[in-house]
Amino acid sequence: MISQLRPALMLLLLLTLVTGVAYPLLVTGIAQAVFPSQAQGSLIVKDGKIVGSRLIGQPFDNPKYFWSRPSATSPFADNAGSSTGSNLSPTNPDLVKAVQGRVDALRAADPTNKAPVPVDLVTASGSGLDPHISPAAALYQVPRVAKARRLAPRAARQLVDRHTDGRFLGLLGEPRVNVLALNLALDGK
């Protein structure tokens, strides 16, 4: 038995070094060399200060900003350390109540907007951290943002259009708007 223990321990040590140290260092090094921005978390820097990531949603509730998707993370919204969806079924009374509350809040923030509320403004994504909204969700918010900023609605719509990313390779996914990037551009106006 002792004769079998030594090779087993040596193999465990070797595999630990290869898979737990060498391989992660190699992959991290390649990622840093080939995709430096993505490897560092796709951070957005403004005036030398990190203001967020292009990959993680942030809460906005000021009427002069475009609002993100709701977040179901806990113990607080947009908690990057706790990525999760709500796991509530579409017929769950708690989800129905939450969605209605979100619709009411959007209507209260812009009572003159009678357009249908886009679903992504009232439902959380699967991760609870989605940094994007649909172009329809961004355009729905244009009247409120334009009014709060005393900006021509046409100028706000053009800003949304400039910050709308198309489908990947023209085929995959849906057009989307990164809310943080849009709001930073709005602040730059």
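Everything below is about the structure shown above.
The structure displayed is predicted, hence computed values, not measured ones.

The rules behind each value
Residues numbered from 1 in each chain as written. Predicted model: local features only at pLDDT ≥ 70, side-chain atom pairs only at ≥ 80, totals over all residues. Heavy atoms only, no water. Pairing = 2+ DSSP bridges. Helix = DSSP H or I, 4+ residues; strand = E, 2+ residues; numbered from the N terminus. Buried < 20%, exposed > 50% of the residue type's maximum accessible area, 1.4 Å probe, protein only. Arc of directions from axis to C-beta. Contact = heavy atoms within 4.5 Å. 1 Å grid on protein atoms, 1.4 Å probe; cavity = no way out; pocket = protein on both sides within 12 Å on 5 of 7 lines; lining within 4 Å. Points joined across faces, edges and corners; volume = space filled by probe spheres on them. Nonpolar A, V, L, I, M, F, W, Y, C, P; charged D, E, K, R; others polar. Phe/Tyr/Trp six-rings, centres within 6.5 Å; stacked < 30°, edge-to-face > 60°. Lys NZ or Arg CZ within 6 Å of the ring centre and 35° of its normal. Polar contact = N/O pair within 3.5 Å; in protein donor to acceptor, adjacent residues only side chain to side chain.

### A look at the sheet that holds strand β4 (residues 164-165)
In a beta sheet, neighbouring strands pair by backbone hydrogen bonds and run either parallel or antiparallel.
Next, step 1: As summarised here, the arrangement of the three strands in space is β3-β5-β4, forming an open sheet in which the pairing is antiparallel. Unpaired on one side and paired on the other, β3 (132-133) and β4 mark the two borders of the sheet.
Next, step 2: Of the pairings in the sheet, the one linking β3 to strand β5 (residues 176-178) comprises two bridges and is antiparallel in character. Each bridged residue has a counterpart across the sheet, and for His-132 the counterpart in β5 is Asn-178.

### Notes on helix α5 (residues 153-162)
Next, step 1: All buried positions along α5 are accounted for by Ala-155, Ala-156, Leu-159 and Val-160. Viewed end-on, α5 has its buried residues packed into an arc of 145°, placing them on one side of the element. Exposed residues on α5 whose side chains face more than 90 degrees from its buried face are Arg-154, Asp-161 and Arg-162.
Next, step 2: As for α5, its buried residues are in contact with α4 (135-149), β4, β5 and α6 (179-187).

### Regarding unusual backbone geometry
Only a minority of non-glycine residues have a phi that is not negative, and only a minority of peptide bonds are not trans.
Next, step 1: The phi angle at Asp-47 is positive, at roughly 55°, despite the residue not being glycine.
Next, step 2: In this fold, Asp-47 is placed in the loop between β1 (43-46) and β2 (49-53).
Next, step 3: Positive phi values are uncommon outside glycine, yet Leu-169 reaches one of about 55°.
Next, step 4: Mapped onto the elements of the fold, Leu-169 is located in the loop between β4 and β5.

### Side note on the layout of surface pockets
Next, step 1: Counted as a void, the largest pocket has a volume near 280 Å³.
Next, step 2: Lining the largest pocket are 15 residues, and of these Phe-60, Ser-68, Arg-69, Pro-70 and Leu-121 lie nearest its centre.
Next, step 3: In this structure, the second largest pocket occupies an estimated 170 Å³ of space.
Next, step 4: Within the lining of the second largest pocket, the residues separate by chemical class into four nonpolar, seven polar and one charged.

### Here's the deal with the packing of aromatic side chains
Aromatic rings considered in pairs are described by the distance between their centres and by the relative angle of their planes.
Next, step 1: One pass over the full model with this rule turns up one aromatic pair.
Next, step 2: The ring centre of Trp-67 lies 3.9 Å from the NZ or CZ of Arg-144, which sits over that ring.

### A word on the side chain of Ser-42
Next, step 1: With respect to the element layout, Ser-42 can be found in the loop between α2 (36-39) and β1.
Next, step 2: Residue classification places Ser-42 among the buried residues on the basis of a relative accessible area of 8%.
Next, step 3: Excluding anything up to four places from it in sequence, Ser-42 contacts Ser-37, Gly-52, Ser-53, Arg-54 and Leu-55.

### Some thoughts on the side chain of Asn-178
Next, step 1: The topology assignment puts Asn-178 in strand β5.
Next, step 2: From its side chain, Asn-178 meets the backbone oxygen of Arg-54 in a polar contact 3.0 Å long.
Next, step 3: In this structure, Asn-178 is in contact with Arg-54, Pro-131, His-132 and His-163, ignoring residues within four places of it in sequence.

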